[in-house]
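# Chain and residue survey
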Amino acid sequence: MSGAAERFGSGPYAGHDYGTAEEPSRVLARLSALDRMTVAADGRMAAEHLAEVRALLDRADARLRTAPQHAVVALAGGTGSGKSSLFNALIGLDLSRTGARRPTTDTALACAWDPESARPLLDLLGLPRSRQIPRHGALDDTGPLQDPVLSRLVVVDLPDHDSVETGHRDEVDRFVAAADHLIWVLDPQKYADAAVHERYLRPLARHGDVMTVVLNQVDRLPEGGADDCLPDLRRLLAADGLPDVRLVATSAVTGEGVRELRDIVTAVAAGRRAAILRLAADLDHITEEIDPEFTGVVPGAEPVSGQVRAELLKGLGTAAGLGAVAAASAASPAAASAGTAGRAVRTGTGGPRRRVPVQTHRVDLAVRGAAAQLTRGLPEPWAAQVRRALGRGAQRVPAALEAELSTASDASGPPGVPGLPGLTGLPAKVRVAAVVRWVGVALACLGIAGVALALAGVEPVGPWNGWYAALLPLLVGIVSAVCATYAEQSWRIDAARERQAAVERQLADRVADVVDEYLVEPANGELERYREAHALFVAAREPLHVR
């Protein structure tokens, strides 16, 4: 598919006079938005809806590039409605075959006032050259619709929509989807026939501005009969969603209403915007049809909220036993080795590596909870795509967490300290307390030696009494050793907690990396894609109300 800017931003129709400058630019902007929406919604919207949208875009592209100022007016009706007689009366020539045999019209017949300029359009409509009749030729150079503006007019007589021939109905359907203006010819006996109301009029409820309904053959009604039929037909049309559609009573025999219908057709051709109006109606119809695909909550600027991400971090941290891993990693080398001996595995290099098992059921639980919050109020199948993206990530999360946390726990253990095992990396006050403790022990030992010498009657050297000389270092040493030991243990616990918190923060960062890569970013991508498609849908849905 070509880019939206190429399809509906330029072309031979750009700059043409469609009546006003605003109407074509708005329709082109809506078509461009719809074109870009199909790219964003590919694989997300229902396949049948995407196919219908793309068919409309292709049809619009072809129509706007082919005689965009021409108007194709098609007469459609059922068997015996007098459609071909009305066609002949409209153009002022006896071109379409009429008669009692049904169906009389077996192939669409087109009459063009300027066949040369209209030929590309007639070829686009799939009409064979033998069914393309010029309005003015050697036999006729005047007519009831003779007017320069009518050089842009093509009138088509269609087969009966209720024909027993399937090919006839298919041709009617094709022209109903392509004609710029539709004239539905109904007769007094079958104007309430469900075939035309349910198959055509009701589905075209958004096309009231590009349709005219004709109650034909009113000459067959008794006097005053039309006054009874017209209100009843208007009631049926209102029930079809067409309360304001143009309704004309005609008779090809007496000429009643034919001039009014000619004026309508002339106005369609003179406006030079029939194609634009038809495409606007098609846009209204298709956007109304796909509206349920975009009915629901629209994600904000932050599709995956901080709360959902925080809950994912918490859930996956619990699944990986983040606290236990941090405690083991922050412990002394001996304690860490003892605490994880049952979980040690051999790496490819031959060295031991701490393995961090992840509880997959907790991962699934956390991801399901996030999916429920992110898809709440989101229309299907957009919600299904978000769940699918999270599901794919959830399958890869356990292995990714195990690899990340195993690497982190291997790198975060306390290093060995030559000469002073267990002290390197500790706060200075812990190291001072350890030195004071050992000094206190030394003083206590000195005091004990002095007491022993005093008991043995050996006088120490100096003026001090032996007992005082022995007890002083003993008491000072004991008090110093006890206080230093208590302070050291307390400060060691605080340092271990700080080290564990630091390791836990490091591991949490690893968990956050995994969450962002495998869960948040894929979910963000889907939600942002929906938000983009929704914005484009809203731009394409903007109605163009002109009469």
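Residues numbered from 1 in each chain as written. Predicted model: local features only at pLDDT ≥ 70, side-chain atom pairs only at ≥ 80, totals over all residues. Heavy atoms only, no water.

### Here we look at the sheet that holds strand β2 (residues 109–112)
This is how it is decided: What makes two strands pair is DSSP finding at least two bridges between them. We count a stretch as a helix when DSSP gives it H or I for four or more residues in a row; a strand needs E for two or more, and each element gets its number in order from the N terminus. A fitted line through C-alpha atoms serves as each axis, taken over the contacting stretch for helices, and the angle formed by two N-to-C directions is quoted from 0 to 180°.
One open sheet holds the seven strands; their spatial order is β3-β2-β4-β1-β5-β6-β7, and the pairing between them is mixed. The two strands at the open ends of the sheet, each matched to only one other strand, are β3 (132–134) and β7 (246–249). Across the sheet, the mean angle from the axis of one strand to that of its neighbour is 20°, orientation sign disregarded. One ladder, built from five bridges, connects strand β1 (residues 71–77) with strand β5 (residues 181–186); its direction is parallel. Opposite Ala76, over in β5, you have Trp184 as the bridge partner.

### Things to note about a negative patch on the surface
What counts is decided by this rule: Excluding any residue in a salt bridge, patches collect residues exceeding 30% relative accessible area, merging like charges within 9 Å and nonpolar Val, Leu, Ile, Met, Phe, Trp and Tyr side chains within 5 Å. We get accessible surface area from the Shrake-Rupley algorithm with a probe of 1.4 Å; when it comes to residues, only the shown protein chains can shield them. A pairing counts as a salt bridge when a side-chain nitrogen of Lys or Arg comes within 4 Å of a carboxyl oxygen of Asp or Glu. The convention is simple: Lys and Arg are positive, Asp and Glu are negative, and His and the chain ends are not counted. Charged side chains are reduced to one point each, which is NZ for Lys, CZ for Arg, CG for Asp and CD for Glu.
Among the surface-exposed residues, Asp509, Asp513, Glu517 and Glu521 lie close enough to one another that they form a single negatively charged patch. Following the sequence through the fold, Asp509 ends up in helix α17 (residues 466–541).

### Things to note about the environment of Arg387
Short version of the rule: Here's how the labels work: a residue is buried when its accessible area is under 20% of the maximum for its type, exposed when over 50%, partly exposed in between, all with a 1.4 Å probe on protein chains only.
With respect to the helices and strands, Arg387 occurs in helix α15 (residues 382–411). With a relative accessible area of 37%, Arg387 lands in the partly exposed category. In this structure, the C-alpha to C-alpha distance between Arg387 and Leu374, residues 13 residues apart in sequence, is 8.8 Å.

### Regarding the packing of aromatic side chains
We count it as follows: Pairing of aromatic side chains here covers Phe, Tyr and the six-membered ring of Trp, requires ring centres within 6.5 Å, and sorts the geometry by plane angle: under 30 degrees stacked, over 60 edge-to-face, intermediate tilted.
Across all of its chains, the model carries five aromatic pairs by this definition. Seen in terms of ring centroids, Trp184 and Tyr200 are 5.1 Å apart; in terms of plane orientation they differ by 40°. Their pairing is tilted. A residue pair is termed long-range when its members are at least 10 positions apart, and Trp184 in strand β5 and Tyr200 in helix α7 (residues 194–201) qualify at 16 residues. Residue class for Trp184 comes out buried when judged on its relative accessible area of 0%. Overall, the relative accessible area of 3% leaves Tyr200 in the buried class. Put simply, the rings of Phe294, Trp382, Tyr530 and Phe537 pair up and form one aromatic cluster.

### Details of the packing of helix α4 (residues 83–91) against helix α9 (residues 258–271)
Put simply, the rule is: Here the word oblique covers every angle except those under 35 degrees (roughly parallel), over 145 (roughly antiparallel) and from 65 to 115 (roughly perpendicular). In this scheme the crossing of two helices becomes right-handed for a clockwise turn of the near helix relative to the far one and left-handed for an anticlockwise turn of less than a right angle. Contact between two residues is taken to exist if any of their heavy atoms lie within 4.5 Å; hydrogens are not considered. By the convention adopted, Pro, Cys, Tyr, Trp, Phe, Met, Ile, Leu, Val and Ala count as nonpolar, Lys, Arg, Asp and Glu as charged, and the other residues, Gly among them, as polar.
Remark: α4 packs on α9, axes separated minimally by 10 Å, with the N-to-C direction vectors making an angle of 70°. Taken together, the axis directions place α4 and α9 in an arrangement best described as roughly perpendicular. Of the two possible hands of crossing, α4 and α9 adopt the one that is right-handed. Residues Leu86, Ala89 and Leu90 of α4 form the contact with α9, whose own contacting residues are Val258, Leu261, Arg262 and Val265. When its residues are assigned to classes, the contact of α4 with α9 shows six nonpolar, no polar and one charged.

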